[in-house]
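# Observations on chain architecture
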Amino acid sequence: MVEVFEGIVLRTLRYSDSLMLADVYTLQKGRMSLLVPVTHSKRGRVRNVLFQPLAMLSLTVSYKQSRQLQRVTAVQPYRMYSSIPFNVVKSAIALYLSEVLVYALREEERNDALFMFLNRSFLLFDELGEGYADFHIVFLSQLLRHLGIYPNIEDYTEGCYFDLVQGCALKASPLHANFLKPQDAGYFVSLMRVEYETMHKLSLNRELRGCYLAILNLYYRLHVPDFPQIKSMEVLKELFD
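The sections below set out a description of the structure shown in this document. Here the structure is a predicted model, which means the values were calculated and not measured.

## Concerning the pattern of salt bridges
Counted under the stated rule, the structure contains 6 salt bridges. Measuring nitrogen to oxygen at the nearest pair gives 3.3 Å for the salt bridge that ties D23 to R31. In terms of burial, D23 and R31 fall into one category: buried. In this structure, the salt-bridge partner of E197 is R120, at a minimum N-O distance of 3.0 Å.

Below is the structure:
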């Protein structure tokens, strides 16, 4: 059966001399693994050059539910980015976020709210002419809501510790090492409350940006099964340095 899916590209891998494997998060089916013909022809119905990190594509697929790998027969963008592919900083952030999403988005089922969040977030990111250096940090904090692992910050009061394992504030430090001391806990809770509309007020320096990113990465590793140390995070550090 031939079906059309809207999807956001997470990553691509070489599958054979004539095929590549693309992991895509779709509106209709959640995460899908697709076989994409490798061609450099500008006239072909499938142009694998379109499969860039976070690209928004309309995919015509020869779909069979019993198959793990579905074959793409035609592809075209459903939205085109105007700045992400041409801006070095934005491209590095997109690469980092796509790697995070590879490990964070595992469900193969429809989730309209999550897809629309991704769609809205990346279009907003593309449109920003300035004030986007901390976009990835705000995105990662807001993504936690859609993954069902958002920390409980309602009970936080000044002077509390924050238990990253339990995702909650405590009056005293827990009996393990994965917690934030009161000063860092306050910064973390403040970050969790930042929305896209107010992220321009963050104005983080290199040190704070690195600190927040490390805390978020640890939180993801504690709450998302098999979540690794993200390799492209080093690229971001070097870029902002």
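Still more to cover.
## A look at the layout of surface pockets
Of the voids in this model, the largest pocket is the one considered here, and its volume is about 360 Å³. Lining the largest pocket we find 17 residues, and of these L50, Q52, A55, Y81 and P85 sit closest to its centre. The set of elements that each furnish at least two residues to the lining of the largest pocket consists of strand 4 (56–62), strand 5 (69–79) and helix 1 (88–104). Here the lining of the largest pocket takes 3 residues from helix 1, the largest share from any one element.

## Considerations on the sheet that holds strand 3 (residues 30–37)
Sheet architecture is closed into a barrel: 5 strands sit in the order 1-2-3-5-4, paired in mixed fashion. This sheet shows a mean twist of 55° between the axes of neighbouring strands, independent of strand direction. The pairing of strand 1 (residues 2–14) with strand 2 (residues 19–26) spans 7 bridges and is antiparallel. The partner of G7 across the bridge, within strand 2, is T26. Sheet strands in contact with helix 1 are strand 1 and strand 3, and its direction is about 110° off that of strand 1. Docked against the sheet, helix 2 (residues 112–127) engages strand 1, strand 2, strand 4 and strand 5, running at close to 65° with respect to strand 1.

Calculation notes
Residue positions are counted from 1 within each chain, in the order its sequence is given. Predicted model: local features are reported for residues with pLDDT of at least 70 only, side-chain atom pairs are reported and counted for 80 or more only, and whole-chain, interface and lining totals are derived from all residues. Processing note: side-chain calculations cover all non-hydrogen atoms of the structure and skip hydrogens and water entirely. Every case where a carboxyl oxygen of Asp or Glu lies within 4 Å of a side-chain nitrogen of Lys or Arg is listed as a salt bridge. Each residue is assigned to one of three classes by its accessible area relative to the maximum for its type, calculated with a 1.4 Å probe on protein chains only: buried under 20%, partly exposed between the two thresholds, exposed over 50%. In this analysis the probe radius is 1.4 Å and the grid spacing 1 Å, with only protein atoms considered; a cavity is a set of points the probe fits into but cannot get out of, a pocket is an open set with protein on both sides within 12 Å along at least five of seven lines, and lining residues have an atom within 4 Å of a point. Grid points are joined across faces, edges and corners, and a volume is the space filled by probe spheres set on the points. Counting from the N terminus, the helices are DSSP H or I runs at least four residues long and the strands are E runs at least two residues long. Two strands make a pair as long as DSSP finds a minimum of two bridges between them. For helices, the axis comes from a line fit to the C-alpha atoms of the stretch in contact; other axes are also lines fit to C-alpha atoms, and the angle between any two N-to-C directions lies between 0 and 180 degrees. Contacts are assigned to residue pairs that have any heavy atoms within 4.5 Å of one another.

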